[in-house]
Amino acid sequence: MIRLLAIGLFSIFVAGSAGIAQGAAGTLPSWVNNVGARLQPKASRTVSVNTYGAKADGISNSTHSIQRAIDECSKRGGGIVTFDKGSYVTGALFLKDNVNLRIDSGVTLLGSQDDADYPRLPTRVAGIEMTWPAALINVNNVRNARLSGGGTIDGRGQKWWDKYWSLRKEYDARGLRWAADYDAERVRLMVVWRSSDVTIEDLNLKRSGFWTVQVVYSDHVTVNGVKISDNSGPSTDGVDIDSSSYVLVEHCDIDNNDDDICLKSGRDSDGLRVNRPTEYVVIKDNLIRRGGGVVSFGSETSGGIRHVVALDNQGIGTKEGIRFKSAKTRGGYVRDVLVRGLKLENVPLPFTFTLNWNPSYSYAVIPVGMKDIPPYWTVLSTPVLPVERGFCDFNNIRIENASVAAATRIFTVAGLPEKPIANVTFANVTAQGESAGSIEYASDWRMENVHLRTSYGDTLKVTNSRGVEFLSSHGNEAPLRRRNLIE
């Protein structure tokens, strides 16, 4: 049986709360004070890349000159690496301990178009460990580093976008959609790998070949005041926090073609092997424009995602708002999440939850008879057994003090028959959209002071769910009544 709630305008309320924000209203867990970089390079000595031969002509390849300046600065005990104004072509650069790479306003780094300028290194890409081209900016095994200055890093990613779409056309026809992202080997703009106390601030990042900023296996990282733009290519995520801890993302302006700020922790068998969570993350005061999700959780959830606070973020024209996604082979969990002070405008799908995301990408099946299979294809296609181990646990999530305007479908929620999405609270939410949407395979959901207005005058459809209680009305003056929605 399907239970329907409220036509047009309705209010929903249930007493009680769950999740990270239990206790006094407005309180936050104490760990939020410990996120982000704990220190920054202090040495004031400066090293100019131009003294090492870097040319600001936008043509000459200055990779080696810039790297020599970085290396020399670190050897001297650290300091600031500077650039004369102009444009510098460079391949992969590797930041070092105690160095502030200062790219001032009027300085642009242009990503080299030569594949040889990006050496292949061990890394993690889209949830699995493999060898992959280095990023344009690499912060690998570094302690205490900073990138700043107000200038621009332009990956010039069109080359890799075209490569990907050409490969997709071939791979889709062969049933290999899931392999294209790995085989295309697109260059990321910036990777923080196995590092601590790293600050990335006040930079303009654009046209990344793949993900823009990936923070992986790292801790105490701050991404502050970064503007990401001109990322119209595929998979140009904004900031990806990947099996990392104590990360702060604040005051960023992000416009791209995929997830804007995303939390990840590994894919399927390889992610379960690594088993490293993303945890203790604060995301606050960010402005999100185009992209796949204002804040996304997953789809790589194998190592778990927990202890996340997202405060006062705004989405304008983003495809989705708060996005929880996993697949039936991912495993792991997403729990202990607080989203507070969210504002969404012209975001078609403000609240989405799915445990069976994008099957053609999520489930790797190698066609019978294929030979010369890359090792990472075998990793991707390794089954997760028993089957139940592959179900991700979405649990203990609270979204409060949110306003939504001009949505298409307010709720899009689909758990699994074997794994309902459990213990989710919405409190003090006002949302206006064309349709209320639906909730399927959920348990123990709480709605506190939730007001929805739909232009279609339709109803919120709740099916195959247990323990979902509402105090609902068909208008402000109608009497409230409690309803327990159980399939």
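Structure report, in brief. All values derive from a computational prediction rather than experimental measurement.

### Here we look at unusual backbone geometry
Here the bond from Gly 298 into Ser 299 is cis, since omega is 5 degrees, no more than 30 degrees from zero. Mapped onto the elements of the fold, Ser 299 is located in the loop between β27 (293-297) and β28 (305-311). Along the chain, Leu 385 connects to Pro 386 via a cis peptide bond; the corresponding omega equals -5 degrees. With respect to the secondary-structure elements, Pro 386 resides in the loop between α6 (375-381) and β34 (393-414). Located in the positive-phi region is Asp 312, a residue other than glycine, with phi close to 55 degrees. Among the secondary structure elements, Asp 312 is positioned in the loop between β28 and β29 (314-316). The residue Ala 406 is not glycine, and still its phi comes out positive at about 60 degrees. Tracing the backbone shows Ala 406 in strand β34.

### Some words on the environment of Ser 166
Secondary-structure assignment places Ser 166 in helix α2 (residues 158-173). In this structure the C-alpha to C-alpha distance between Ser 166 and Ala 180, which are 14 residues apart in sequence, comes to 9.8 Å.

### Considering the nonpolar core
Residues Phe 351, Phe 426 and Trp 445 are the most contacted members of the largest nonpolar core, which totals 98 residues. When residues of this core are assigned to their parent elements, the largest contribution, nine residues, is made by β34. Among all residues touching Trp 445, those that are not within four sequence positions of it are Phe 353, Val 413, Ile 421, Ala 422, Asn 423, Val 424, Phe 426, Ile 439, Gly 467, Val 468 and Glu 469.

### Quick word on the pairing of β27
In the case of a regular strand, side chains alternate between the two sheet surfaces. Burial runs high along β27: five of the five residues are buried. One ladder, built from four bridges, connects strand β24 (residues 259-264) with β27; its direction is parallel. Counterpart to Asp 259 in the pairing with β27 is Gly 293. When β27 meets strand β30 (residues 320-325), the two strands line up parallel, connected through three bridges. Residue pairing for β30: Phe 297 is matched across the bridge by Phe 324.

### As for the environment of Val 192
With respect to the helices, strands and loops of the structure, Val 192 is situated in strand β15 (residues 190-193). Expressed as a C-alpha distance, the spacing of Val 192 and Asn 141, which sit 51 residues apart in the sequence, is 8.3 Å.

### Considering the side chain of Asp 240
Along the chain, the position of Asp 240 falls in strand β21 (residues 239-242). Despite its burial, Asp 240 pairs with no opposite charge; the closest candidate is Lys 264, at 4.3 Å N-O. In this view, Asp 240 contacts Trp 211, Val 213, Gln 214, Val 215, Cys 262 and Lys 264; residues no more than four positions away in its chain are not counted.

### Observations concerning the pattern of salt bridges
Summed over the entire model, instances satisfying the criterion amount to 31 salt bridges. Between Glu 72 and Arg 76 there is a salt bridge, and its shortest N-O distance comes to 3.3 Å. On the basis of relative accessible area, Arg 76 is assigned to the partly exposed category, the value being 43%. Across the pair Glu 300 and Lys 264 runs a salt bridge, and its minimum N-O distance is 2.7 Å. Placement of Glu 300 in the loop between β27 and β28 and of Lys 264 in strand β24 is noted, with a sequence separation of 36 residues between them.

### Re helix α1 (residues 63-75)
Across its 13 residues, α1 extends 18 Å between first and last C-alpha, which sits within 8% of the 18 Å expected from 1.5 Å per residue. Of the surrounding secondary structure, the elements contacted by the buried residues of α1 are β3 (46-48), β4 (57-61), β5 (79-82), β6 (86-90), β7 (93-94) and β8 (99-102).

Thresholds, definitions, all that
- Residues numbered from 1 in each chain as written.
- Predicted model: local features only at pLDDT ≥ 70, side-chain atom pairs only at ≥ 80, totals over all residues.
- Heavy atoms only, no water.
- Helix = DSSP H or I, 4+ residues; strand = E, 2+ residues; numbered from the N terminus.
- Core = buried A, V, L, I, M, F, W, Y, C linked by side-chain atoms within 4.5 Å.
- Buried < 20%, exposed > 50% of the residue type's maximum accessible area, 1.4 Å probe, protein only.
- Contact = heavy atoms within 4.5 Å.
- Pairing = 2+ DSSP bridges.
- Lys, Arg positive; Asp, Glu negative; His and termini not counted.
- Salt bridge = Lys/Arg side-chain N within 4 Å of Asp/Glu carboxyl O.
- Expected span 1.5 Å × (residues − 1).

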